[in-house]
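# Tertiary structure, described
Listed here are the chains, written in short residue letters.
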Amino acid sequence: MEQYYKPKVLIVDDIPTNLFLMSKILQPLDAHVFMAASGEEALSLTLRHQFSVILLDVQMPNMDGFETASLIRSYFETKCVPIIFVTAIHKNDTYILRGYEVGAVDYLFKPVDRDILVSKVKVFLELDRQRHALEEAMNSIKTLGHQKEMLLECAGEGIVGLDSQGRITFMNPAALSMLGFQTQEIRDLELGDLFVEDDPGVRSFPDGWESIRAHENQLRSKGNRTFPVVFSSSVIRERGLVTGGVMVFLDISERKKAEQKLLELANYDHLTKLPNRTTFRQQLEKMISRNKRYDRKVSVIFLDLDNFKGINDSMGHDAGDALLKGLAKLLIESVRDYDVVARLAGDEFGILLEGFESARDVIMVGQKILERIQAPFTIQGRQVFVTCSLGIATFPESGTDPEALIKAADIAMYEAKREGKDTLKFFDQSMQIQARQRMELEGELRHALNRNELSLHFQPQVDPGSHQIKGMEALLRWNHPTMGSVSPAKFIPLAEETGLILPIGEWVMQQACIQAASWHRHFGPKSPRMAVNVSPRQLKKGAFLDVVQKVLAETSLPPGLLEIELTESTIMEDSCNTITLLEEFHRLGLMIAVDDFGTGYSSLSYLTRLPVDVLKIDRSFVSGIGTDLNSEVIIRGILSLAESMELNVVAEGVEDREHLEFFQNHPCQLFQGYYFHKPMTGDQATALLKDQLTRRMVSNT
Ligand SMILES: Nc1nc2c(ncn2[C@@H]2O[C@@H]3COP(=O)(O)O[C@H]4[C@@H](O)[C@H](n5cnc6c(=O)[nH]c(N)nc65)O[C@@H]4COP(=O)(O)O[C@H]3[C@H]2O)c(=O)[nH]1
């Protein structure tokens, strides 16, 4: 803030009374009054203070007033200080003139009149105040100008100045450096030369310039580098006339890069660089509206790898990632440039096709993918074989909006999986009905355990010679309050898919062991061995071994009375882990049976490495006895294999005498089937075992 300015007055007189009187008179004026008794003293004061006016006595000893005034005028700092001479009234004109020559601005005559003195001094004080105010104003203008200059110099934004014709006249250092120009090079430049794309606002200088606020465009540097900027402009007017313009711009390359990165993250899969699900959906929406107008079709292919999890688990995530990248490349190469390939999730990919003639073209694309995928991928120096399942849905038949189409293709893909994988399926409405039923069933199954709707039935396994019951297979039953009895063939695969098999399987193991332990307490060492079906998902879960150990400990069932039934395909699926786990079960003393034997394509050499005790001949072969020579050949093959490997064999699905007679010539250890017993409740099985015991005792007596 500006400080209050108090002017200074100097009175010079060798007579103290004069000094005193004049200072007294000047006291009411708002000024500092200084006094000097000689010319020398006056000079010394003028060099230290800036006086508004000096009242200088002419007649003084040593250095008189004229001499003092000349000396004051001779110094740069003091040469303009107004001097009023104070002298006797009778002095002549020559004398007076001399005073003016040495720099007097006025005279006062002694004896000094009070009013005249005050009014004359007042004038000079006022003049000095105004001079001071002017000086202050000048100073602040100077400071402001300097500040503005600094602003232009230091601003990070590029600032470009134009003349009234719109020609560039100025660029601040930031603008020069961003655009790569030297100051002298800007003279012939027009603003439009700097813009990559014509900007109507820029072109319309000076009209419309005021409205350019935060526009985005690209500027071109001298070296032809283009970079994105955000810029604003304003027009300079003086008294209503346009005198120039200013444009301020900011290089937003970094911001644009960050925006681009965010956009990629939001719309693309970072691993394969393919569009993600969101983008896939948007593209499908566009494709639908594009083709709807011309009554043309759009196809959605949903692809899922069949054995990705196995590869990921056994070879590690890096290998899994490499496989997905390889697959992405394969898919892109299998379709046309304008078809869309996206990664929807994990090992799920989506393809959008348009502009095809008929469904045959889409099938050909799908088959091409199925064929190409058969060639091994080389990952971490190893050859990896994969297959995939494809589901195809077509607009408008399978659905008219993106969600419906993606869902339909997903359902069709699911059907392809159910049909044995490595194939493609076209969506049809019946699939949707099945999918809905599956969903409803799943909802019900989730509550089945808590609502006590599950129970176990037991089917005896009988010794062919003695007809004694040596084993019992635990078979799960679901009795739903409205649907009635639901077949395990229907709900077990569903439980497997949804993971519900884990709690359900644990419950089965527990209930079966409780029952087996009860029989063991009742019938002693001759009580039947309990065979429990175990699904692949249970086996893969590391905790399954703990579950079995815990149940055995809780029920005190001798481990030798527990048999685990695994299907052939389960055993073959996950080699290393399965062998280790089965060996653990063996160490515990459990028996291991291979269910549905003969339906898979087990490598026999692999089978010899597995700790297996029992092979169960699949029901489909037994039912072929007498009608299908192949089945009989297979059964004979299994029996001789089992003999050479010293494995026991259980023939499943023995329904009639013909089956039984076949096995008289081809001995097998146990029979299971309706010919002997159907699956029955625990109580019925207990009664049967009691009956058997009684008959044995009777026959022994
Ligand atoms: N036509 C005919 N069928 C016969 C005959 N003898 C037995 N069966 C049926 O054949 C199936 C034998 O069980 P599986 O092969 O383990 O096949 C089982 C098994 O894979 C699965 N399953 C049943 N209970 C469980 C369980 O607790 N856990 C798991 N993971 N799977 C189970 O469900 C499948 C079907 O079970 P179920 O419907 O109980 O069907 C049983 C049984 O009722 C016969 O002479 N003729």
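Bear in mind the structure is a predicted one, so any value in this text is a computation, not a measurement.

Cut-offs and rules
- Residues numbered from 1 in each chain as written.
- Predicted model: local features only at pLDDT ≥ 70, side-chain atom pairs only at ≥ 80, totals over all residues.
- Heavy atoms only, no water.
- Helix = DSSP H or I, 4+ residues; strand = E, 2+ residues; numbered from the N terminus.
- Buried < 20%, exposed > 50% of the residue type's maximum accessible area, 1.4 Å probe, protein only.
- Contact = heavy atoms within 4.5 Å.
- Areas by Shrake-Rupley, 256 points an atom, 1.4 Å probe, with all protein chains shown as cover.
- Core = buried A, V, L, I, M, F, W, Y, C linked by side-chain atoms within 4.5 Å.
- Phe/Tyr/Trp six-rings, centres within 6.5 Å; stacked < 30°, edge-to-face > 60°.
- Lys NZ or Arg CZ within 6 Å of the ring centre and 35° of its normal.
- Near = heavy atom within 4 Å.
- Polar contact = N/O pair within 3.5 Å; in protein donor to acceptor, adjacent residues only side chain to side chain.
- Nonpolar A, V, L, I, M, F, W, Y, C, P; charged D, E, K, R; others polar.

## Thoughts on the overall build of the protein
Counting its secondary structure elements, the protein contains 25 helices and 26 strands. The 701 residues of the protein split such that 46% are buried. Within the protein, contacts between residues at least 6 apart in sequence are counted, and of these 61% link residues at least 24 apart. Of the roughly 36,900 Å² of accessible surface on the protein, a fraction of 53% belongs to carbon and sulfur atoms.

## Thoughts on the nonpolar core
In this structure, Phe 585 and Phe 663 are the most contacted members of the largest nonpolar core, which totals 79 residues. Top contributing element to this core by residue count: helix α16 (residues 501-523), with 10 residues. Leaving out residues up to four positions away in the same chain, Phe 585 has contacts with Leu 539, Phe 544, Leu 545, Val 548, Ile 564, Leu 590 and Ile 592. Membership of the second largest hydrophobic core comes to 34 residues, among which are Ile 301, Leu 303, Ile 311 and Phe 349.

## Description of the packing of aromatic side chains
Evaluated as defined, the whole model comprises 14 aromatic pairs. A centroid spacing of 5.3 Å and a plane angle of 80 degrees characterise the contact between Phe 34 and Phe 51, whose relative ring orientation is edge-to-face. Here Phe 34, found in strand β2 (residues 32-36), pairs with Phe 51, found in the loop between α2 (39-48) and β3 (53-57); they are 17 residues apart in sequence, far enough to count as distant. Every member of this aromatic cluster is reached through a ring pair, and the members are Phe 66, Phe 85, Tyr 95, Tyr 100, Tyr 107 and Phe 109. Here the basic side chain of Lys 678 rests over the ring of Tyr 674, its NZ or CZ set 4.7 Å away from the ring centre.

## Structural notes on the site of the ligand
Glu 473, Asp 595, Arg 619, Glu 655 and Tyr 674 are the nearest of the 21 residues found near the ligand. Taking Arg 619, its side chain carries an N or O atom lying 2.5 Å from an oxygen atom of the ligand. Measuring from an oxygen atom of the ligand, one finds a backbone N or O atom of Tyr 674 at 2.8 Å. Listed by contribution, the elements that provide at least two residues to the shell around the ligand are β19 (469-480), α15 (488-498) and β23 (591-597). By residue number, the principal contributor to the shell around the ligand is β19, which donates four residues. Across the shell around the ligand, the residue classes break down as eight nonpolar, five polar and eight charged.

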